[in-house]
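Next come the chains, spelled out residue by residue.
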Amino acid sequence: MVSQSPEDAVDPFEVTDAFLKRRRLIDLTMRGVLFLAASLSILVTAGIVYVLVSETAHFFAQVSIVDFLTDTQWTPVFQEKHFGIMTLVSGTLVTSVIALIVAVPAGTILSIYLSEFARPEVRETIKPILELIAGVPTVAFGYFALLFVTPLFQTFIPGLSGFNLLVPGIVIGIMILPFIVSVSEDAMRAVPNSLREGAYALGFTRLQTSVRVVIPGAFSGITAAYILGMSRAVGETMVVAIAAGQQAKLALNPLEGAATITAYIVQISLGDLPHGSIAYLTIFAAGLTLFVITFLFNILAFWLRRKYREVY
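Worth saying up front: this structure is predicted, and the values here are computed from it rather than measured.

**Observations concerning the overall build of the chain**
Here comes step 1: If you tally the helices and strands in the chain, you get 12 helices and zero strands.
Here comes step 2: What you see in the chain, going N to C, is helices and strands ordered as α-α-α-α-α-α-α-α-α-α-α-α.
Here comes step 3: Here the chain has a C-alpha radius of gyration of 27 Å; the compact-globule value for 312 residues is 20 Å, and the former is much larger.
Here comes step 4: A principal-axis box enclosing the C-alpha atoms of the chain has dimensions of 100 × 55 × 40 Å.
Here comes step 5: Taken across its 312 residues, the chain has 39% of its residues classed as buried.
Here comes step 6: When the accessible surface of the chain is split by element, carbon and sulfur atoms take 67% of a total near 18100 Å².
Here comes step 7: Of the side chains in the chain, 19 bear a positive and 21 a negative charge, and the two mean positions are spaced by 6 Å.

This is how it looks when you write it as structure tokens:
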């Protein structure tokens with residue numbers, strides 16, 4: 001048997017030319033795939049904006065933008081047509097504000113508990129449950145609001161209509177709760193433990209540390225969670241389409257029903273309207289309005305994140 005000399009032995013950790021070429025090929029391939037994925041998202045967004053703007057331009061060629069922003073009626077399919085978008089915006093904002101009133105306090109408290117108080121096994125139990133809530137179809141939430149929550153609330157709220165803005169707002173608040181909790185808790189857990197230890201050394205309790213140290217340290221992430229939840233609430237469709245009603249009017253009373261932007265888009269999209277008609281073009285005008293509102297919320301979140309971001 002011929003023994004192999006140490007000089008002839010193959011070093012398994014040797015960097016060969018073939019290995020370097022294969023590594024460069026994989027690197028270039030992954031760069032190309034990631035670039036295409038990023039470019040695709042930009043192209044899709046640009047396509048959406050182009051369609052909304054181009055179709056809305058045809059709408060404003062027939063309707064004054066002043067009337068669009070100041071009229072208090074929205075009757076594009078009636079014989080006497082009015083195009084006051086603020087009637088739909090008011091319903092959208094009322095349901096979104098109610099959702100935030102429900103989700104922000106509950107989400108903040110739950111985030112503090114999961115980040116600062118909960119044992120690891122409790123945290124690993126609650127978070128999957130919240131993720132399951134986020135995975136429930138919105139249609140199910142809509143019928144839950146209409147067939148269960150609304151009759152329940154009618155037993156102790158006199159005058160609550162069968163279609164109203166209060167119940168959909170509350171249900172949407174439950175829907176956006178997982179988003180707020182997840183982002184807020186991640187921001188809180190990113191605060192270094194040295195800050196907590198310093199607070200404990202000064203005599204702070206765990207609650208005082210959470211409120212006076214952790215929350216200010218994670219403020220940019222928490223506000224981003226709130227804005228994300230608000231954007232999600234503004235864009236919610238099926239819950240308000242099922243449980244809020246289809247009557248387009250200024251939403252001054254949350255106990256009554258009113259149409260939102262998304263509910264109107266669903267209502268008109270299911271109808272038999274001629275393509276290119278003024279009533280058909282209102283879908284794109286309402287969609288562009290919703291896009292602008294969400295875009296402004298995202299800009300606000302970006303500004304708050306840059307202004308109050310803490311780098312550790």
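**Focus on the pattern of salt bridges**
Here comes step 1: Per the stated rule, a full pass over the model turns up nine salt bridges.
Here comes step 2: Note that E185 and R123 form a salt bridge whose closest N and O atoms lie 3.7 Å from each other. Pair noted here: E185 is in helix α6 (residues 166-189) and R123 is in helix α4 (residues 120-135), with a separation of 62 residues, a long-range link. Exposure class is identical for E185 and R123. Each is buried.
Here comes step 3: In this structure, the salt-bridge partner of R189 is E185, at a minimum N-O distance of 3.7 Å. Highlighted residues: R189 and E185, both in helix α6, separated by four residues, approximately one helical turn.
Here comes step 4: Relative accessible area serves as the criterion here: at 1%, E185 is assigned to the buried category.
Here comes step 5: A single salt-bridge network, built from bridges that share partners, covers R123, K127, E185, D186 and R189.

**Quick look at the packing of aromatic side chains**
Here comes step 1: The final tally for this structure, using the stated rule, is 11 aromatic pairs.
Here comes step 2: Plain terms: the ring middles of F59 and F68 are 5.6 Å apart, the flat faces sit at 70 degrees to each other, and that makes the pair edge-to-face.
Here comes step 3: Between F60 and F68, the aromatic rings sit 5.1 Å apart at their centres with planes inclined by 90 degrees, giving edge-to-face as the arrangement.
Here comes step 4: Members of the aromatic cluster, each reached through a chain of ring pairs, are F59, F60, F68, W74, F83 and Y264.
Here comes step 5: A cation sits over an aromatic face here: R212 above F204, 5.7 Å from the ring centre.

**Focus on the packing of helix α3 (residues 86-117) against helix α8 (residues 206-217)**
Here comes step 1: The geometry of α3 relative to α8 is characterised by a closest axis approach of 11 Å and an angle of 110 degrees between their N-to-C directions. It follows from the interaxial angle that α3 and α8 lie roughly perpendicular. Of the residues in α8, those in contact with I112, E116 and F117 of α3 are R206, L207, S210, V214 and I215.

Calculation notes
- Residues numbered from 1 in each chain as written.
- Predicted model: local features only at pLDDT ≥ 70, side-chain atom pairs only at ≥ 80, totals over all residues.
- Heavy atoms only, no water.
- Helix = DSSP H or I, 4+ residues; strand = E, 2+ residues; numbered from the N terminus.
- Rg over C-alpha atoms; globule rule 2.2 N^0.38 Å.
- Buried < 20%, exposed > 50% of the residue type's maximum accessible area, 1.4 Å probe, protein only.
- Areas by Shrake-Rupley, 256 points an atom, 1.4 Å probe, with all protein chains shown as cover.
- Lys, Arg positive; Asp, Glu negative; His and termini not counted.
- Charge placed at Lys NZ, Arg CZ, Asp CG, Glu CD.
- Salt bridge = Lys/Arg side-chain N within 4 Å of Asp/Glu carboxyl O.
- Phe/Tyr/Trp six-rings, centres within 6.5 Å; stacked < 30°, edge-to-face > 60°.
- Lys NZ or Arg CZ within 6 Å of the ring centre and 35° of its normal.
- Axes fitted to C-alpha atoms, helices over the stretch in contact; angles between N-to-C directions.
- Parallel < 35°, antiparallel > 145°, perpendicular 65-115°, else oblique.
- Contact = heavy atoms within 4.5 Å.

The quantities given are spatial measurements derived from coordinates; they are silent on function.
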